[in-house]
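Each chain is listed here by its residues.
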Amino acid sequence: MQVGEITTWERTFTADDVRLFAQVSGDEGIHHMQPDEQGRLMVHGLLTATIPTKLGGDINYIAREMRFEFIRPVFVGDTIHCELVVTDMEVLPGRVKLASDFVSRNQYGKEVLKGSFQGVIRTPEL
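The following paragraphs examine the structure supplied in this document.

1. Quick look at unusual backbone geometry
Then, in step 1: At Asn60, a position not held by glycine, the phi torsion is positive, near 60 degrees.
Then, in step 2: Mapping Asn60 onto the fold places it in the loop between α4 (50-58) and β2 (61-70).
Then, in step 3: Given a relative accessible area of 60%, Asn60 falls into the exposed group.

2. Regarding the sheet that holds strand β1 (residues 6-12)
Then, in step 1: An order of β1-β3-β4-β5-β2 is seen for the five strands of this open sheet, with the pairing classed as antiparallel. What marks the edges here is a single partner per strand, and that holds for β1 and β2. The average undirected angle you get between the axes of adjacent strands in this sheet is 20 degrees.
Then, in step 2: Pairing of strand β4 (residues 95-105) with strand β5 (residues 111-122) involves 11 bridges; the strand directions are antiparallel. Residue pairing in the sheet places Ser104 in a bridge with Leu113 of β5.

3. Thoughts on the side chain of His44
Then, in step 1: With respect to the helices, strands and loops of the structure, His44 is situated in the loop between α2 (30-33) and α3 (45-48).
Then, in step 2: Apart from residues no more than four positions distant in its own chain, His44 is found in contact with Val18, Phe21, Ala22, Ser25, Asp27 and His32.

4. Brief notes about the packing of aromatic side chains
Then, in step 1: Under the defined criterion, the tally for this structure stands at five aromatic pairs.
Then, in step 2: Consider the rings of Phe102 and Phe117, whose centres lie 5.3 Å apart with planes at 25 degrees: the pair is stacked. Here Phe117 lies in strand β5 and Phe102 lies in strand β4, a separation of 15 residues in the sequence. Each member of the pair, Phe102 as well as Phe117, carries the same accessibility label: buried.
Then, in step 3: Through a chain of ring-to-ring contacts, three or more aromatic side chains come together here, namely Tyr61, Phe68, Phe70, Phe102 and Phe117.
Then, in step 4: For the cation-ring pair, Arg40 lies above Phe75, with the distance from its terminal atom to the ring centre recorded as 3.7 Å.

Rules and cut-offs
- Residues numbered from 1 in each chain as written.
- Predicted model: local features only at pLDDT ≥ 70, side-chain atom pairs only at ≥ 80, totals over all residues.
- Heavy atoms only, no water.
- Helix = DSSP H or I, 4+ residues; strand = E, 2+ residues; numbered from the N terminus.
- Buried < 20%, exposed > 50% of the residue type's maximum accessible area, 1.4 Å probe, protein only.
- Pairing = 2+ DSSP bridges.
- Axes fitted to C-alpha atoms, helices over the stretch in contact; angles between N-to-C directions.
- Contact = heavy atoms within 4.5 Å.
- Phe/Tyr/Trp six-rings, centres within 6.5 Å; stacked < 30°, edge-to-face > 60°.
- Lys NZ or Arg CZ within 6 Å of the ring centre and 35° of its normal.

Geometric values such as these leave the question of function open.
Right, dumping it as structure tokens:
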């Protein structure tokens, strides 16, 4: 891992994803539970935010600070692609401090979410 390194991941959200997240989170806002006038069900913002957090989980990242800017809504059936870039890294005894920025775009290339993380990855003492 190094500064400038980029990782990506994408997923398509389903109605089941939204219903399960509503059950787990308790967020049953009407815009998540009933389709709008265009027949669309809105995905929870924090469910959308699981895409960049998944990338952190892949490297056992322990977040200490997370910043999200929700730019436009995501709806069931949207495919969201997230690109995360390492912006700062410091190797310390027993851990690596890591900062990153990310941007998530829908299938039309429009930004839906962007933000940043700061945290650590534990490493074995040598």
